[in-house]
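Results of the structural survey
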Amino acid sequence: MAGSGERARHWRYTELPGVDLLRARYISKTFVRHTHEHFVIAAIADGVDVFQHGGAEVSAGAGALALVNPDTPHTGRAGVPEGWRYAAVYPSPEVVAAIAAETTSIRGTPGFASPVLDDPYTVGLVHQILRAADEGNALAADTLLRVAVTRLLRLNGGSLPQRAVPTAGGRVAARARAVLEDRMVDPPTLEALAGDLGTSPFALLRAFRGAYGMPPHTWLTDARVRRARQLLDSGTAPADAAVAVGFTDQPHLNRHFARIVGVPPGAYQRERKNVQDAGRRLLLPSDVCQNRSLQTTYAPEGEEKRLGASRTPPSYGTPSESGSP
């Protein structure tokens, strides 16, 4: 990890399909501008997370959640010298849409209205989701995820705006994106790309930024990491995945992957393999003890004192009336 004391685990739990999980402590780490295909629900336990979102810099401290809709460019860094510690769930748009359809009155594509929400109750729920996943408690993990997403949509949700009809610049940007996707391993220069599309380099740069929130080269790096994740999930070795998506070698992939995903590609893939292996065996008592020990390391310090008895999330599978769908 980048700084002393930094640690992170990015994994999946087979009983929560369509959901990624992250537990991390970062101090000096910074996340470059990037996007996610899934929603980001990050529950801050300690410290402060500062991130660029929608052209502004916002911050989330202990007891708050950082919330990012799919395909929304954002960054991330520590807002205090001691960094920040958090748990995060990344549910797919399909998972969130299904929960919204069942438990809310939102019409259209559901999403979060504000990137930061001060809600210690849901922060506690997110930490409990990860603990349940660690302990192999599928019923609790699924229940708590649905309660947390429902609560967030009711407190801070709505329909995402419909995509506007593309302007001439938007159409050029979309064509440029298609070229970069097709030529990910051997992309053209900005000048060559603009010439092929019948525009100027700076006009293309402005159009692409307007459409996707980042310049073409930044978008390409983000897209390469996304594709590398797919390859790693399918079992491709990190070195082979690096070359397949256009990075010069594995260290090149390592650097960009860690600055976007939060963990190196090797660690990311090992967790995927662990999930697959776990699906073929029963959870042993020793596993439960080990995972409880890990949870103690990452659980919010003094959480009960901070939330107060009336706002402390309930035990597994027994959400209180205030938090239930």
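Description of the structure in this document. Given the structure is predicted, the values throughout are model-derived calculations rather than measurements. (Residues numbered from 1 in each chain as written. Predicted model: local features only at pLDDT ≥ 70, side-chain atom pairs only at ≥ 80, totals over all residues. Heavy atoms only, no water.)

For the rest of this paragraph, the subject is empty space enclosed by the protein. Evaluation of the coordinates by the stated rule reveals 2 cavities of 30 Å³ or more. Reported here for the largest cavity is a volume of approximately 200 Å³. (1 Å grid on protein atoms, 1.4 Å probe; cavity = no way out; pocket = protein on both sides within 12 Å on 5 of 7 lines; lining within 4 Å. Points joined across faces, edges and corners; volume = space filled by probe spheres on them.)

Interhelical geometry of helix H4 (residues 168-182) versus helix H7 (residues 216-233) gives an angle of 45° and a closest axis separation of 10 Å. As summarised for this structure, H4 and H7 are arranged oblique, according to the angle between their axes. Regarding H4 and H7, the two cross each other, and that crossing is right-handed. Side by side, H4 and H7 meet where Arg-177, Leu-180 and Glu-181 of the first sit next to Pro-216, Trp-219, Leu-220 and Arg-227 of the second. Class assignment of the residues belonging to the contact of H4 with H7 gives a composition of 4 nonpolar, no polar and 3 charged. (Axes fitted to C-alpha atoms, helices over the stretch in contact; angles between N-to-C directions. Helix = DSSP H or I, 4+ residues; strand = E, 2+ residues; numbered from the N terminus. Parallel < 35°, antiparallel > 145°, perpendicular 65-115°, else oblique. Left-handed = near helix turned anticlockwise from the far one by under 90°. Contact = heavy atoms within 4.5 Å. Nonpolar A, V, L, I, M, F, W, Y, C, P; charged D, E, K, R; others polar.)

Turning to the nonpolar core, a few remarks are in order. In this structure, Ile-41 and Val-89 are the most contacted members of the largest nonpolar core, which totals 36 residues. Counting residues per element, the ones that place at least two in this core are strand S2 (19-26), strand S4 (40-53), strand S6 (64-68), strand S8 (84-91), helix H1 (93-103), helix H2 (120-134) and helix H3 (138-156). The dominant element in this core, judged by the number of residues it contributes, is H3, at 9 residues. Leaving out residues up to four positions away in the same chain, Ile-41 has contacts with Leu-65, Ala-66, Leu-67, Ala-87, Ala-88, Val-89, Pro-91, Phe-112, Val-126, Val-149 and Leu-152. Ranked by size, the runner-up nonpolar core spans 28 residues in total, among them Met-184, Leu-197, Ala-242 and Phe-257. (Core = buried A, V, L, I, M, F, W, Y, C linked by side-chain atoms within 4.5 Å. Buried < 20%, exposed > 50% of the residue type's maximum accessible area, 1.4 Å probe, protein only.)

Before going further, it helps to examine the pairing of S6. Counting buried residues along S6, 5 of its 5 residues qualify, which places the element largely inside the surrounding structure. What you see with S6 is no split at all: Ala-64, Ala-66 and Val-68 on one side and Leu-65 and Leu-67 on the other are buried throughout. With 4 bridges joining them, S4 and S6 adopt antiparallel strand pairing. Note on S6: the bridge partner recorded for Ala-42 is Ala-66. (Pairing = 2+ DSSP bridges.)

To continue, consider the pattern of salt bridges. For the coordinates displayed, the defined rule picks out 16 salt bridges. Here Arg-226 ties to Asp-71 by a salt bridge, and the two come within 2.9 Å at their closest N and O atoms. Residue Arg-226 is located in helix H7, and its partner Asp-71 is located in the loop between S6 and strand S7 (74-78); the two are separated by 155 residues in the primary sequence. Between Arg-183 and Asp-186 there is a salt bridge, with the nearest N and O atoms lying 3.9 Å from each other. Judged by relative accessible area, Arg-183 falls into the partly exposed class, the value being 32%. The network of salt bridges with common partners includes Arg-12, Asp-20, Arg-229, Asp-233 and Arg-272. (Salt bridge = Lys/Arg side-chain N within 4 Å of Asp/Glu carboxyl O.)

Right, let's talk about the environment of Thr-199 for a bit. Along the chain, the position of Thr-199 falls in the loop between helix H5 (190-196) and helix H6 (201-212). A sequence separation of 27 residues divides Thr-199 from Val-172, and the C-alpha atoms of the two residues are 8.4 Å apart. Residues in contact with Thr-199, not counting those within four places in the same chain, are Val-172, Ala-194 and Leu-204.

Right, let's talk about H4 for a bit. Counting along an α-helix, one turn takes 3.6 residues, and residues three or four places apart therefore face a common direction. With 15 residues, H4 extends 21 Å from end C-alpha to end C-alpha; this agrees with the ideal 21 Å at 1.5 Å per step. For H4, the set of buried residues is Gly-170, Val-172, Ala-173, Ala-176 and Leu-180. Along the axis of H4, the buried residues cluster in a sector spanning 155°; they form a single face. Contacts made by the buried residues of H4 are with H5, H6 and H7. (Expected span 1.5 Å × (residues − 1). Arc of directions from axis to C-beta.)

Taken as a whole, this structure holds 8 aromatic pairs when the rule is applied. For the pair Tyr-26 and Phe-31, a centre-to-centre distance of 5.4 Å together with 75° between the ring planes defines the contact as edge-to-face. Pair check on accessibility: Tyr-26 and Phe-31 agree, each one buried. Directly above the ring of Phe-31 sits Lys-29, whose terminal nitrogen or CZ lies 5.2 Å from the centroid. Over the face of the ring belonging to Phe-247 we find Arg-224, whose NZ or CZ atom lies 5.6 Å from the ring centre. (Phe/Tyr/Trp six-rings, centres within 6.5 Å; stacked < 30°, edge-to-face > 60°. Lys NZ or Arg CZ within 6 Å of the ring centre and 35° of its normal.)

Tracing the sequence through the fold places His-256 in helix H9 (residues 250-260). A distance of 3.3 Å separates the side chain of His-256 from the side chain of His-252, its partner in a polar contact. Not counting the four nearest positions on each side in its chain, His-256 is found in contact with Thr-221, Val-225 and Phe-247. (Polar contact = N/O pair within 3.5 Å; in protein donor to acceptor, adjacent residues only side chain to side chain.)

A word on the pairing of strand S5 (residues 56-61). Bridge analysis of S4 against S5 gives 6 bridges, and the strand direction is antiparallel. Residue Asp-49 lies in a different strand from S5, and its bridge partner there is Ala-60. Adjacent in sequence and paired antiparallel, S4 and S5 are bridged by 2 residues, among which Gly-54 carries a positive phi angle near 60°.

Moving on, we get to H6. Under the 1.5 Å per step criterion, the end-to-end length of H6 is 16 Å for 12 residues, consistent within 8% with the ideal 16 Å. When we look at burial in H6, the residues that qualify are Leu-204, Ala-207 and Phe-208. All buried residues of H6 project into a common sector of 100° when viewed along the axis, lining one side. Turned more than 90 degrees off the buried face of H6, the exposed positions are Phe-202, Arg-206 and Gly-210. Where H6 is buried, its residues contact H4, H5 and H7. Where H6 ends, the next residue or the one after it, Gly-213, has phi of about 75°, a positive value.

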